[in-house]
Amino acid sequence: ASLAMGDSRRARLALAKAEALNPQDAQTQLLIGYLKLRDGESSGAMEAFRRAASLDSSDPVALTMMGWLHDRAGRADEAIRLYGQALSIDPKDELA
């Protein structure tokens, strides 16, 4: 809720606690990635999305977000590869 309301400090605290309790939770890593992205920390966001993708290979969201970050950084080939991976998991993924 803190993340949705724009309270980065509270969101960081809540996510740090969630990560400490269960570092293997892909959804927590996705939320960490979104928070870092919103706060302008692209490299930290990429790292969190990579962890999320490695923890849950059946969820295309982390791959899509990594593709978006690569696309934004001008690395179109890598972005296309990641979007393709996301679509192979879920061909109806509207983000990819």
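Residues numbered from 1 in each chain as written. Predicted model: local features only at pLDDT ≥ 70, side-chain atom pairs only at ≥ 80, totals over all residues. Heavy atoms only, no water.

Colleague: Which parts of the structure should I look at to understand helix 2 (residues 26-38)?
Modeller: Think of an α-helix as 3.6 residues a turn; residues three or four steps apart then line up on the same face. The terminal C-alpha atoms of helix 2, which comprises 13 residues, lie 18 Å apart, in line with the 18 Å expected from a rise of 1.5 Å per residue. Turning to helix 2, its buried residues number three or more, namely Ala26, Thr28, Gln29, Leu30, Ile32, Gly33, Leu35 and Leu37. Close packing links the buried residues of helix 2 with helix 1 (8-21), helix 3 (42-55) and helix 4 (61-72). Positive backbone phi, at 80°, marks Gly40, one or two positions downstream of helix 2. (Helix = DSSP H or I, 4+ residues; strand = E, 2+ residues; numbered from the N terminus. Expected span 1.5 Å × (residues − 1). Buried < 20%, exposed > 50% of the residue type's maximum accessible area, 1.4 Å probe, protein only. Contact = heavy atoms within 4.5 Å.)

Colleague: Explain the pattern of salt bridges here, please?
Modeller: Close approach of charged atoms lets side chains of opposite charge pair. One pass over the full model with this rule turns up six salt bridges. The shortest N-O distance in the salt bridge between Glu41 and Arg12 comes to 2.6 Å. Note that Glu41 is positioned in the loop between helix 2 and helix 3 and Arg12 in helix 1, a separation of 29 residues in sequence. Its relative accessible area of 29% is what places Glu41 among the partly exposed residues. Arg81 is the partner of Glu78 in a salt bridge, and the nearest nitrogen-oxygen pair spans 2.4 Å. Placement of both Glu78 and Arg81 in helix 5 (residues 76-89) is noted, with a separation of three residues, approximately one turn of the helix. Note on Glu78: relative accessible area 26%, which makes it partly exposed. Taken together, the salt bridges that share partners define one network made up of Arg12, Lys36, Arg38, Asp39 and Glu41. (Salt bridge = Lys/Arg side-chain N within 4 Å of Asp/Glu carboxyl O.)

Colleague: Can you help me understand the packing of aromatic side chains in this one?
Modeller: Each aromatic ring pair is summarised here by two numbers: the centre-to-centre distance and the angle between the ring planes. In the structure shown here, the tally under the stated rule is one aromatic pair. Each ring, one from Tyr34 and one from Phe49, has its centre 5.6 Å from the other, and the planes form 70°; the classification is edge-to-face. Placement of Tyr34 in helix 2 and of Phe49 in helix 3 is noted, with a sequence separation of 15 residues between them. (Phe/Tyr/Trp six-rings, centres within 6.5 Å; stacked < 30°, edge-to-face > 60°.)

Taken by themselves, the reported measurements are silent on function.
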